[in-house]
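So you can see what is in the structure, the chains are spelled out below.
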Amino acid sequence: MGNLVSSIQEECLSSEAPSIRHSVLWMRVIAWLVFATALLNTLYYVLRTSNPVIRSDAWYFLDSFLSKAANGSLGLADFFVKRTSDDHAQPLLKVILLLEWRYFHLDFMVEAVAGVLAAAACAMILIGFVMTGRQDDALDNRRYLAWSVMCVLLFSLNAVGIWTWSLVAIGYVTVIPILLFMGAAWQAQHKRRYVALIAATLLLGIIADDSALITVVAVILALLLVAFCDRSQRSGIWRTIIVIGACLAVVRIGYSFAPMTGGASDSSISAQVSQLVGRLSAGDWWKWFVLPLSLPVVYEFPGRMISSWALWPIVRAVMVTFLLAAHVAFWWRAWRGRYNLPMFVAVCLMLLSYAWLAGILLVRVAYFGSDYLYQDRYIQLFQFNLVALLLMWAAASKLEPKTTSWRRTLFVVLPTIGCLVLLLVQIPLSYDGWQRRKYLPHYYQQMAIQIGQLAVDPANTEGCLPELVVCGWSLETRKQLVQFLRTNQLNVFSPTLQARYDYLPRLPAATATPPARPPASVSGNTHQ
């Protein structure tokens, strides 16, 4: 972990070596300009476009968490409360939510800003991985190109729902401990130092909850693969795995005492698998691998990018074929290469992306159909298979001068073209995302108006927008939650937010005594 931090600091702060080639210097400058441009573009987009109105899961957190903070009964266990056994605890999100309530009048745009900053932190960690252990400058152009593409993927406006729904944007906060844990696992295996690994595993287990389980499985599988393919790395492999397992066991024991407002999950894994197998008869199983590969590149292409919709299936087929070939090359390299830090993290991320996809298939697609993969919030997870491919390419060693032309084309020319395409396609995607912005404030306004109507007549839920899940709850709970917002001048009832967002209606605040804590009895789960 110390080496990783040192590498990041060196990349950001050290003076340029006088012997560095001009081409590498220019590539470095361009890469940092790409990072800064993508970051500022997305940050400004979030500030102008992210939804500040309470929606979906936020109603549950208001019911079970913030109401306790308001009446002074909040305890440590409440940061780990879950609705059902397969829900996410999200303790760090609850900390941010607490800050939003305390200092920002429950403005959910703050979560989205935190998500942008977390994505920036992920980009900084990734450049530390990419540049760790480099021995010459000949491959630095490739490394900087790969990292710049990782940055535009993290900040892309390809699927704007990632940034307009704050609960999705904040998901990047969980990626930070995941990346740090992967780096710490490699350092522990390579250097035989375990303090950083213990800290990183505990941090991951506490923050990421169930995502920590699949991350640990992915890392252990990657460690076993390293030991199998690279004999020089076999020493101490079981010690590293035991340290990881012991730390995670401690965290999971603690989580077993976490409170739960609902009950156990209604379906078993066997039932989910059976349901998923039944979906095969629908004939659209091909979407299970085509969409996770293609959507992170282009989610919804603007009409100006492709002149005819009829051409889009052809373009997507070429794209998916190229990416499938890249995955084959990825595992060919993983099975035969000598491992380094970026290569190890690439394998971990690829296994993790497969696990995320498997979870979505079992929990969502099995019950809602293959088109559920089009949910733009899943693009945030799908994109990490591309990050893994880029890390593997950046970690590859220099080809020998006598390398055949077809191998050079396959391992150098085609990936370079792919990177340039991913960079250039962000321009129309970003433009299209900004064009869509003009339609969003009206929708947020309608949400706010309906919340105001619920404050007047909680029983009238006719025509409620889907994001107002509180409309489907009991009348008593709905009345108490809306009045809680109104009496405490939070969210759409806050004069500060009404002044900040000119599209919000001027809803009057109540003058009555704040209601008692609403009953935390809602067990609906709207975000997985």
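Residues numbered from 1 in each chain as written. Predicted model: local features only at pLDDT ≥ 70, side-chain atom pairs only at ≥ 80, totals over all residues. Heavy atoms only, no water.

### Some points on the overall build of the chain
As a reminder of what qualifies: In this text, helices come from DSSP runs of H or I with a minimum length of four residues, and strands from runs of E with a minimum of two, each type numbered from the N-terminal end. To sort residues, take the accessible area from a 1.4 Å probe on protein chains only and compare it with the maximum for the residue type: under 20% means buried, over 50% means exposed, and anything in between is partly exposed. Accessibility throughout is a Shrake-Rupley quantity obtained with a 1.4 Å probe, and a residue counts as covered only by protein chains that appear here.
Looking only at helices and strands, the chain has 22 helices and zero strands in total. Within the chain, buried positions represent 54% of all 528 residues. Accessible surface, the chain: about 23,000 Å² in total, of which carbon and sulfur atoms supply 64%.

### Examining a nonpolar patch on the surface
Where we set the bar: Residues form patches when they are more than 30% accessible in relative terms and have no salt bridge. Like charges link within 9 Å. Nonpolar side chains (Val, Leu, Ile, Met, Phe, Trp, Tyr) link within 5 Å. For this analysis, a salt bridge means a side-chain nitrogen from Lys or Arg found within 4 Å of a carboxyl oxygen belonging to Asp or Glu.
Among the surface-exposed residues, Ile 269, Val 273, Val 277, Leu 280, Trp 285, Trp 286, Phe 289 and Leu 324 lie close enough to one another that they form a single nonpolar patch of about 720 Å² accessible area. Looking at the secondary structure, you find Trp 285 in the loop between helix 13 (269-279) and helix 14 (287-294). You can call Trp 285 partly exposed: its relative accessible area is 44%.

### Some words on the state of the cysteines
Quick reminder of the rule: Any two cysteine sulfur atoms lying within 2.5 Å of each other are counted as a disulfide.
Applying the stated criterion across every chain, the model contains one disulfide. One disulfide in the model links Cys 464 with Cys 471; its S-S distance is 2.0 Å. The sign of the S-S torsion, about -55°, decides the handedness of the disulfide formed by Cys 464 and Cys 471: left-handed. Here Cys 471 falls in the buried class, since its relative accessible area comes to 13%.

### A closer look at the environment of Gly 75
Mapped onto the elements, Gly 75 comes out in the loop between helix 3 (57-71) and helix 4 (91-103). Counting along the chain gives 10 residues from Gly 75 to Phe 65, while the straight-line C-alpha distance between them is 9.6 Å.

### A short note on helix 10 (residues 195-208)
Worth spelling out the cut-off: Residue count minus one, scaled by 1.5 Å, sets the expected span of a helix. Contacts were defined at the residue level, with two residues in contact if any of their heavy atoms lie within 4.5 Å.
End to end, helix 10 covers 20 Å across 14 residues, agreeing with the expected 20 Å (1.5 Å per residue, within 8%). For helix 10, the set of buried residues is Leu 197, Ala 200, Thr 201, Leu 204, Gly 205, Ile 207 and Ala 208. Tucked inside the fold, the buried residues of helix 10 contact helix 4, helix 9 (172-191), helix 11 (210-229) and helix 12 (237-255). Downstream of helix 10 by a residue or two, Asp 209 has a phi angle that is positive, lying close to 55°.

### Let's talk about the packing of helix 11 against helix 15 (residues 312-336)
So the rule is basically this: Helix axes are fitted only over the stretch in contact, all axes being lines through C-alpha atoms; the angle between N-to-C directions runs from 0 to 180 degrees. Put simply, angles under 35 degrees are roughly parallel, angles over 145 are roughly antiparallel, angles from 65 to 115 are roughly perpendicular, and the rest are oblique. Ten residues, namely Ala, Val, Leu, Ile, Met, Phe, Trp, Tyr, Cys and Pro, are considered nonpolar, four, namely Asp, Glu, Lys and Arg, are considered charged, and the remaining ones, Gly among them, are considered polar.
Between helix 11 and helix 15, whose axes approach to 8 Å, the crossing angle comes to 60°. The orientation of helix 11 relative to helix 15 falls into the category oblique. Across from Leu 225, Phe 228 and Cys 229 in helix 11, the residues of helix 15 making contact are Trp 331, Ala 334 and Trp 335. In terms of residue class, the contact of helix 11 with helix 15 is built from six nonpolar, no polar and no charged.

### Section: unusual backbone geometry
Its identity is not glycine, yet His 105 carries a phi of approximately 60°, on the positive side. The topology assignment puts His 105 in the loop between helix 4 and helix 5 (109-131). Even without a glycine there, the phi angle at Asn 491 is positive, about 55°. With respect to the helices, strands and loops of the structure, Asn 491 is situated in the loop between helix 21 (475-487) and helix 22 (495-500). The buried category is assigned to Asn 491, whose relative accessible area is 0%.

### Observations regarding the packing of helix 15 against helix 18 (residues 384-395)
In plain terms, the rule: In this scheme the crossing of two helices becomes right-handed for a clockwise turn of the near helix relative to the far one and left-handed for an anticlockwise turn of less than a right angle.
Taken N-terminus to C-terminus, the directions of helix 15 and helix 18 make an angle of 50°; their axes are 10 Å apart at the nearest point. Classified by the interaxial angle, the pair formed by helix 15 and helix 18 is oblique. In the packing of helix 15 onto helix 18, the handedness of the crossing is left-handed. Residues Leu 323, Ala 326, His 327, Phe 330, Arg 333 and Ala 334 of helix 15 touch helix 18, and the partners they reach there are Asn 385, Leu 386, Ala 388, Leu 389, Met 392 and Ala 395.

### Notes on the pattern of salt bridges
In this structure the tally under the stated criterion is seven salt bridges. Where Lys 287 meets Asp 371, a salt bridge forms, and the shortest distance between an N and an O atom there is 2.6 Å. Linking Lys 287 in helix 14 with Asp 371 in the loop between helix 16 (341-368) and helix 17 (379-382), this pair joins segments that are 84 residues apart in sequence. For Lys 287, a relative accessible area of 12% corresponds to the buried category.

### Remarks on the packing of aromatic side chains
Here is the rule we go by: The criterion for an aromatic pair is that two Phe, Tyr or Trp rings (for Trp, the six-membered ring) have centres within 6.5 Å, with stacked assigned to planes under 30 degrees apart, edge-to-face to planes over 60 apart and tilted to the rest.
All told, the structure shown has 21 aromatic pairs when counted by the stated rule. An angle of 90° between the planes, with centres 5.6 Å apart, marks the rings of Phe 228 and Trp 335 as edge-to-face. You can see Phe 228 sitting in helix 11 and its partner Trp 335 sitting in helix 15, a full 107 residues away along the chain. Their ring planes at 40° and their centres at 5.9 Å tell us that Tyr 501 and Tyr 503 sit as a pair that is tilted.

### Notes on the confidence of the model for the chain
Under the convention used in this document: Each residue carries a pLDDT value, the predictor's own confidence for that position, ranging from 0 to 100.
For the chain, mean pLDDT is 85; residues scoring 70 or higher make up 85% of the total. At the low end of the mean pLDDT range in the chain sits helix 1 (residues 2-13), at 48; at the high end sits helix 5, at 96. pLDDT under 50 marks residues 8-19. Its contacts with residues more than four places away, or in other chains, come to 14 contacts. Confidence over residues 512-528 falls short of pLDDT 50; this stretch has 61 contacts with residues more than four positions distant or in other chains.

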